[in-house]
Amino acid sequence: MTTAVDTGIDLADLAFWRRPPSERERDFARLRGLPHPVFFPERRVPLLRSGKGFHALVKHADVVEASRNAKVFSSEPAVTNPEPPGWVKHVFGDSMVNLDDPRHARLRRIVSRAFSPKMLSNLNDDIAAAAERIVDDVVKEGPRDFVSQVAARLPIHVICDMMGIPPGIRAKVHEHVDVSTAYTGVRMSLPRTVAMAGRNMAALFALQRMVIALGRERERDPGGDLVSALVTANVDGERLTPKELGSFFTLLLVAGNETARNTMAHGLKLLTDNPGERERLVDDFDGHIAGAIEETVRYVSPIMQFRRTVTEEYEMRGVRLAPGDKVVLFYGSANRDEEVFDAPGRYDITRKPNPHVGFGGPGPHFCLGANLARQEIKIMYRELFTRLPGIRATGEPELLLSNFDNSVTAQPFTF
């Protein structure tokens, strides 16, 4: 069934994503109250793969159901909304998030070496030292923008350390990541589409060229970094090809960086606006930091949506889906579902249970780097609230115009 319902809401329109988050949430609440998923047609825009539209999965149960059933709800050909043109994967390679098993399982098996408990434990001291340097710089420079001075610095540093990226090119890596994540992901006018897509592609090309060149060096002279581990064969003879290495690096930089960065930035504002929760955290940091991280991820949903393609006939809450139909999993809406979360608009760092889908729904595509993101946020917040106990947001955050990435581009703060 692909008949659109006139709700007065259009999730495929850029105008919807320009509206304040509170207004968008009211519309999502209306959609959650409907008896079945709503279909939204899409306008055709040159240079993008234009489909007939998508069914919006806005309820927690629907998002979980689709996430668990990867055989029916496929990540191929792409999970972004709208889908990129078909030539992109031939140029950049297949990103792991855009693959189904067995290809997805093979790549995940190889790169999971980076996220083993032992590997993450070994990173503790490095992350703590980086957090200490960041706060040293903030004290010396004075507070200006929490994103550029704090939230954006730590994840990039950690990823570059893991991968063995030479210090001399890290500033350029940071610059390319900022350009690549500024691409809105919402269909717009042709001139803006061309301009933003062009900058995005150029940045991704540059990132891939950097790590592929580094991978060739590590094949000849391996070290103790992750690039060396990924390009040299393991005991089963598995390793990443140069194009797979490039795709993994850009995925790690964009997805891994954005989740931790945006959770930290949104979290500072939420803790400022909710002084009781802030006091609770500061009084017993070890007892409450885990809950604070999970509640912040639920509340803000750093990645707001992913698309899936239906592979066989399937019925979801009275809607018959056919092969080739598209559904979009709206994580932000699922994380505010009144049937799952008591008072979902309340920020509560003691919320239990908290079955949010902010790291993706359960299933094969659950965020591989979730524990790394948690570790980075915990260590950074410990350093901040220990050394700068008066730290707080001042003013409203600047948000990226996007239907995909709930990104804070700037957040004034003081201490």
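Located above this text is the structure these notes cover.
To start, this report covers the structure provided alongside it. (Residues numbered from 1 in each chain as written. Predicted model: local features only at pLDDT ≥ 70, side-chain atom pairs only at ≥ 80, totals over all residues. Heavy atoms only, no water.)

**Remarks on the overall build of the chain**
Within the chain one finds 16 helices and 11 strands. For the chain, with 415 residues in total, the buried portion stands at 53%. Within the structure as shown, the chain displays about 17,500 Å² of accessible surface, and the carbon and sulfur contribution to it stands at 55%. (Helix = DSSP H or I, 4+ residues; strand = E, 2+ residues; numbered from the N terminus. Buried < 20%, exposed > 50% of the residue type's maximum accessible area, 1.4 Å probe, protein only. Areas by Shrake-Rupley, 256 points an atom, 1.4 Å probe, with all protein chains shown as cover.)

**Some details on the pairing of strand β2 (residues 53-57)**
Burial runs high along β2: five of the five residues are buried. Side chains of β2 alternate between two faces, with Gly53, His55 and Leu57 and Phe54 and Ala56 buried alike. When β2 meets strand β7 (residues 326-330), the two strands line up parallel, connected through three bridges. Note on β7: the bridge partner recorded for His55 is Val327. (Pairing = 2+ DSSP bridges.)

**Remarks on the packing of helix α8 (residues 153-163) against helix α12 (residues 242-273)**
Packing of α8 against α12 brings their axes to within 8 Å, and their N-to-C directions diverge by 150°. Here α8 is positioned roughly antiparallel relative to α12, judged by the angle of their axes. Here α8 and α12 pass one another in a crossing that is right-handed. Facing Leu154, Pro155, Ile156, Ile159 and Met163 of α8, the residues of α12 in contact are Leu245, Phe248, Phe249, Leu252, Leu253, Gly256, Asn257, Ala260, Arg261 and Met264. Taken together, the residues of the contact of α8 with α12 sort by class into 12 nonpolar, two polar and one charged. (Axes fitted to C-alpha atoms, helices over the stretch in contact; angles between N-to-C directions. Parallel < 35°, antiparallel > 145°, perpendicular 65-115°, else oblique. Left-handed = near helix turned anticlockwise from the far one by under 90°. Contact = heavy atoms within 4.5 Å. Nonpolar A, V, L, I, M, F, W, Y, C, P; charged D, E, K, R; others polar.)

**So, the sheet that holds strand β3 (residues 73-74)**
Reading across from one edge, β1-β2-β7-β4-β3 is the order of the five strands in this open sheet, with mixed pairing throughout. Either end of the sheet is taken by a strand with one partner, and the two such strands are β1 (38-41) and β3. Sheet topology note: the β1/β2 ladder contains four bridges and is antiparallel. Looking at β2, one finds that Phe40 is bridged to Phe54. Together, β2, β3 and β7 form the strand contacts of helix α3 (residues 60-68), whose direction differs from that of β7 by roughly 120°.

**A word on α3**
Turning to α3, its buried residues are His60, Asp62, Val63, Val64, Ala66 and Ser67. Check the buried side of α3 and you find it contacts β2, β3, β5 (314-316), β7 and α15 (331-334).

**Structural notes on the pattern of salt bridges**
For the structure on display, the rule yields 34 salt bridges. Residue Arg19 pairs with Glu23 through a salt bridge whose shortest N-O separation is 3.2 Å. Residues Glu217 and Arg218 are paired through a salt bridge, measuring 3.9 Å at the closest nitrogen-oxygen approach. When salt bridges that share partners are traced, they join Arg19, Glu23, Asp27 and Arg30 into one network. (Salt bridge = Lys/Arg side-chain N within 4 Å of Asp/Glu carboxyl O.)

**Details of the nonpolar core**
In terms of nonpolar packing, the biggest core is built from 75 residues, with Phe146, Met163, Phe248, Met264, Met380, Tyr381 and Leu384 touching the most fellow members. Tallying contributions element by element places α12 first for this core, with 12 residues. With near-sequence residues (within four places) excluded, Leu384 lies in contact with Val135, Phe146, Val150, Pro389 and Ile391. In this structure, Val64, Val72, Met316 and Leu329 belong to the second largest nonpolar core, which totals 19 residues. (Core = buried A, V, L, I, M, F, W, Y, C linked by side-chain atoms within 4.5 Å.)

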